[in-house]
Amino acid sequence: MVKQRRRRGGSGSPVILRSTWTWTADVAPADVQDEHVKAVYRVILPQCEHKASRKNCKWNPNCLVGLGEHTWSGEFDEDSFSSTDHPDSERRVQDSFVGLKNLGATCYVNTFLQLWFHNRPFRQALFLYQPGPQLGSATQEVFQANDVCGQLQLLFALLQEGCHQCLDPSPFVNALGLDTGLQQDAQEFCKLFLSLLESKLAHQPNEMVRNVISKEFSGIYAYITTCRQCGLRSSRPSRFFELDLNIQGHQQLSDSLQEFFKEESLEGENSYFCDHCQKKQSASRRIELNRLPQTLSLQLLRFVFDRQTGQKKKLTSCITFPDVLNMADYLSESYSKDRMQQDTKEDCIQSNSKGTDCQMHHADVPMQENTSMQQTKASLKRLTKAITKCMGEIETKQVQSEDMLYKLTAVLVHHGRSAYSGHYVAHISDEASGHWYKFNDEMIERMSEKQLQLGFDEDPDNKKPTTQRPRAVKGVHSSQNAYMLVYNRCRTPLPPHPQLPDWLMQLVKQDSSKFEEFSDQLATLRKKDVDAGIAKHEEVKLLYQILPVLNAGNDCEFVGTNWLRNWLEKGATTPPMDNSPFLCPHGGLRLSSVCKVKRISKRAASVLYTNYGGGPHLDEYSPCKTCVRDYCQLLRLKSNLVSDCRQILRLHCGQPSFGCWVGKASIEHWKEIATDLLAETEAAIVSAATQKVGDRSEEDGTEEDEKSEELPASAVVKRLKFNEDIICKHGQMTNQIGKRELVSSEIWNILRAYFPSCPEYAHDIQPCQQCQDQAEEVKQLVASEQSTTLLSSLQNCNRPDLHCWPLDTDMLYVVTCSFLDEWRKFVSHPERERQILSVENKSLLCAHQKLIIGLHSLPPSNTAKEFCLCNGQHTELPFQKEWEVLSSLFDVDCTISISRNKSNEEICYTMQPEECEECCRRRENFNQKQRKVLDYTQAMVYVRKIEGTQKVMEVVPELHQSSSECEEDKDDKPEEKDPDFCSANGVKRKRPVGQSENPSTIRRSSRHRRLRGDKSFLVSSSQSLKEFKIQIMNVFSVAPFDQNLFMEDRPLTDDSALLGSLGVVPGSVILLQADETVMDEEQVELCIPEEGFKGTGLLGN
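Caption draft 1: How the structure looks around a negative patch on the surface. Together, D773, E776, E777 and E831 give the surface a local cluster of negative charge. Positionally, D773 belongs in helix α20 (residues 769–789). For D773, a relative accessible area of 38% gives the class partly exposed.

Written as structure tokens, this is what we have:
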């Protein structure tokens, strides 16, 4: 049934308010008055007050509240009128740090750039880097695109002296050749970049620049191996940029350091070859620190290789670390003695400079003979005091050596649980102010109270920490996401603030001047928008006061609600008024536009038309009385439709002698046709859902969704006009008696009221004689021509089959015997039989558009003429020439062919379309369940192995989702239909004898569909499940106790049960899931094989 199209807004309201048409039941269309028109167009409703309502009344054209006027009632706001950002929105705040833009997946680069920038000696040395000989030009052209040091130098200069709030590191990233969309290993990037930078700076003339990497970041440790047999001690020194510390199983940083320097034993196969003993001996090996850098980086190994999954994973164990780290316990003895002697020597020299003799051998200096005893005692007393003071200072420095104390200056954090993705953030301490800052790409946050604050929100993805966080202690921090700790040697005094050379400062000033030009352009654009906003603000405040109609009189005009909303919207461009969508066919205001227009005063409308233009004008005379009358008549007909339908059903019985001829299709679907016609008439009157007035709904500003309800009538009925089906091509009543029937005059009078323009044929009118004569002649000619061209088919002799295959062709075609039988009847008696117009082969197709017949189901002795379907249909095989004739004479809905191929002296047949194995298996299962017999021997079943992490419910989605195979098996269907008894075009086919008439009592098969790769097994119903598992073991190499078998999502667990009792039927697909190592779904993810920094500048490419 065709229903009225409705426009759905925020509440799904109709386009015409039905409550305003209740008077149509008592008022005839000719009696419609002005008060009815005003009621329909709702112009008599009172206006809404601003204080009483904040939401606009959609169905009240006098309501001018909630259209956006509140935005103009307050003070003027510049930001709301300009889409241009403020000129200072990207300007750097004085004495603040600068953020770095994330180019996609470059957060790991940004964290290290901020870390290295805060290292003052490194920054000062980098400012002294000379990128080229032409430094006097002071242009950015001196930096080559691939000059990594130069790009880093310019980036640091802009971070220190630039005026941008956030910088784009693209030149630096491009110089390295990094892929901005690929997340890389931050630890590997740090090591490779420092190595690259050291090699680049090695050729600089300034010694400070050449040695800055070695001094600030590089240390030396040695692998000390001691032979336990002879005591030979060997040392192998190695440089490092950071110490890689294992955190698995540790809770404190000191534990990880102790494990790093712990002595290990080399025994057995791992024995050490001693050069002195000249053979392998048991030995011990440990690491000794020989030199520490100024900046000590401790790499926490959070990303480790998981042997169980074969992939990297992240450790989220919590680790605690102090503010101050004393490295004295981890230094070698030689390093400590050298430093102690050097400190003692420096202190003694300093004491000598003050006039105090603190050297021990000074006590042996001979005294003058003439010195008195008192002078000797005083001299010895002074010497003893000086020695005691010197030794006390030495002991103090042995306990607390500033060279061995390191202060925490940065913590690099990785957010996320995966090792292949996440986000990197840096917490860095400013040496000058002592404040801690959180650097998160563009965002920079200063922490309060000059303390590092990681907190529980360090990882927003982890709602619950995996390990219990230790109790907070002053001077100690903890984190489950920190992957690098950076400690700086305590320096007194602090390094000076880095200074830029003149040529580099000129580059910064050039960048600042460009930024100022950009800011000036923004200011100009913003001022233009603000000036326009001020003018609009004054206009709206003035006009909105005179918008309402002062009285219920005729001094008014109608304008679109959306246009008013646009006019009152800040920052929107107001177009000219367009009232053409609101016009009805008679030039007035359309009925459906009542909810889309507002009624304003003529004075305000005149000003709006003057300022913005547009039209046409809709004044107080625009409400259309003709539309009101037409719609009144329509509603009266729709209200009588149900009662008239019942009256026709009561009268439509028997064969009347008098009346009028109507089409059988027309009388059968007259109610649907009438409803469709009324809906079209209503749409023409109100223009429902055919005109878009604006992009926003009238109620709440949401976009309107135009939808029409589904039409259950067939496509023929939707295009059919009443009695059109009995009109011939000559404009007369058709001579086909099967298309028309005679109805009484009472029925015709009812129908005539709904279809006044339909053709009328009285009972005594004669059909079209011209059509009748032509039809008889055409049928005779067609029958004669077809019988001549298809003589062999007519005589049904010498028909081909599989054993009598024609020698001159390798392909035959398939038609149903029912088609040939009907065609033979027509050819033999064309005067009384109907003409066959089409070859309907779709009855041989299933719902999947595949064949439900097959060669494999026939014995070898049967012929093609004995092809029999489960519904009793037979098929025949026309010759190829016959098929060409059939195709030219009839409409063929589906071509079915059989081709013969010879291979190795064997003949094989191929059908097109292919046979539907799915439906054949379902039909076979259906027949077996009908007979309730599960007795088979040497039948074929299939086994499919699924992965250990794959769920059984996910293997065959068609069992749990809507599909053509299992729609009949869903519980929410009112009745089940077997696809074997319904053709592809929906025509019901004949049911075999003995089949149950109630399909809902038969359980449909939901066996898995066989896929490529399934292994076949020959089994019997009397075979046990254990024996079947042994067969599976021989093919899949999976032990029976490791096999988990499923059929139709049901596990098969009883090894002693027979296959027949378990419901295993021929053709079943059984799922095999082997017991293997199951990986955690939250930690295991599909990842692309890592290539690291291959092809980038970090590796010299």
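Caption draft 2: Inspection of the sheet that holds strand β30 (residues 811–813) at higher detail. Spatially, the 3 strands line up as an open sheet ordered β30-β35-β36, and their pairing is antiparallel. Single-partner strands in this sheet number two, and they are β30 and β36 (906–912). This sheet shows a mean twist of 25° between the axes of neighbouring strands, independent of strand direction. Here 7 bridges tie strand β35 (residues 897–903) to β36, and the two strands are oriented antiparallel to one another. Residue pairing in the sheet places N901 in a bridge with C908 of β36.

Caption draft 3: Structural view of the pairing of strand β11 (residues 295–300). In terms of burial, β11 is largely enclosed, as 6 of its 6 residues are buried. Of the two faces of β11, both are covered, the one formed by T295, S297 and Q299 as well as the one formed by L296, L298 and L300. Across 4 bridges, strand β6 (residues 242–245) lies against β11 in parallel orientation. Among the inter-strand pairings, L243 is bridged to a residue of β11, identified as L298. Two strands pair when backbone bridges link them, and β11 and strand β21 (residues 482–489) are joined in this way by 5 bridges, in the antiparallel orientation. Opposite Q299, over in β21, you have M484 as the bridge partner.

Caption draft 4: Structural view of the packing of aromatic side chains. Applying the stated rule across the entire model yields 28 aromatic pairs. An angle of 80° between the planes, with centres 5.6 Å apart, marks the rings of F172 and F193 as edge-to-face. Of this pair, F172 sits in helix α5 (residues 170–176) while F193 sits in helix α6 (residues 186–201), and the two are 21 residues apart along the sequence. As far as the burial class goes, F172 and F193 line up, both buried. Directly above the ring of F117 sits R123, whose terminal nitrogen or CZ lies 4.0 Å from the centroid. We note R740 situated over the ring of W661; from NZ or CZ to the ring centre the distance is 4.6 Å.

Caption draft 5: Geometry of the state of the cysteines. One pass over the full model with this rule turns up 0 disulfides. Free of any disulfide, C230 has its nearest cysteine sulfur in C274, 3.5 Å distant. A relative accessible area of 32% places C230 in the partly exposed class. With no disulfide of its own, C758 has C660 as its nearest cysteine by sulfur position, at a separation of 9.1 Å.

Caption draft 6: Broad picture of the pattern of salt bridges. A full pass over the atoms with the stated rule returns 15 salt bridges. A salt bridge links K625 to D34; the shortest N-O distance between them is 2.9 Å. Of this pair, K625 sits in helix α15 (residues 625–651) while D34 sits in helix α1 (residues 34–41), and the two are 591 residues apart along the sequence. Judged by relative accessible area, which is 29%, K625 ranks as partly exposed. With its nearest N and O atoms 3.1 Å apart, the salt bridge here joins E267 to R228. Of this pair, E267 sits in the loop between β7 (264–266) and β8 (272–274) while R228 sits in the loop between β4 (219–227) and β5 (233–240), and the two are 39 residues apart along the sequence.

Caption draft 7: Summary view of the sheet that holds β4. Spatial ordering of the open sheet is given by β5-β4-β10-β7, a layout of 4 strands whose pairing is antiparallel. Edge positions in the open sheet fall to β5 and β7, since each of these has one partner strand only. Taking each pair of neighbouring strands and ignoring which way they run, the sheet shows an average axis angle of 30°. Relative to β5, β4 runs antiparallel, the two sharing 8 bridges. In the strand pairing of β5, G219 is matched with F240.

Scoring rules and cut-offs
Residues numbered from 1 in each chain as written. Predicted model: local features only at pLDDT ≥ 70, side-chain atom pairs only at ≥ 80, totals over all residues. Heavy atoms only, no water. Patch = residues over 30% accessible without salt bridge, like charges linked within 9 Å, V, L, I, M, F, W, Y side chains within 5 Å. Areas by Shrake-Rupley, 256 points an atom, 1.4 Å probe, with all protein chains shown as cover. Salt bridge = Lys/Arg side-chain N within 4 Å of Asp/Glu carboxyl O. Lys, Arg positive; Asp, Glu negative; His and termini not counted. Charge placed at Lys NZ, Arg CZ, Asp CG, Glu CD. Helix = DSSP H or I, 4+ residues; strand = E, 2+ residues; numbered from the N terminus. Buried < 20%, exposed > 50% of the residue type's maximum accessible area, 1.4 Å probe, protein only. Pairing = 2+ DSSP bridges. Axes fitted to C-alpha atoms, helices over the stretch in contact; angles between N-to-C directions. Phe/Tyr/Trp six-rings, centres within 6.5 Å; stacked < 30°, edge-to-face > 60°. Lys NZ or Arg CZ within 6 Å of the ring centre and 35° of its normal. Disulfide = S-S within 2.5 Å.

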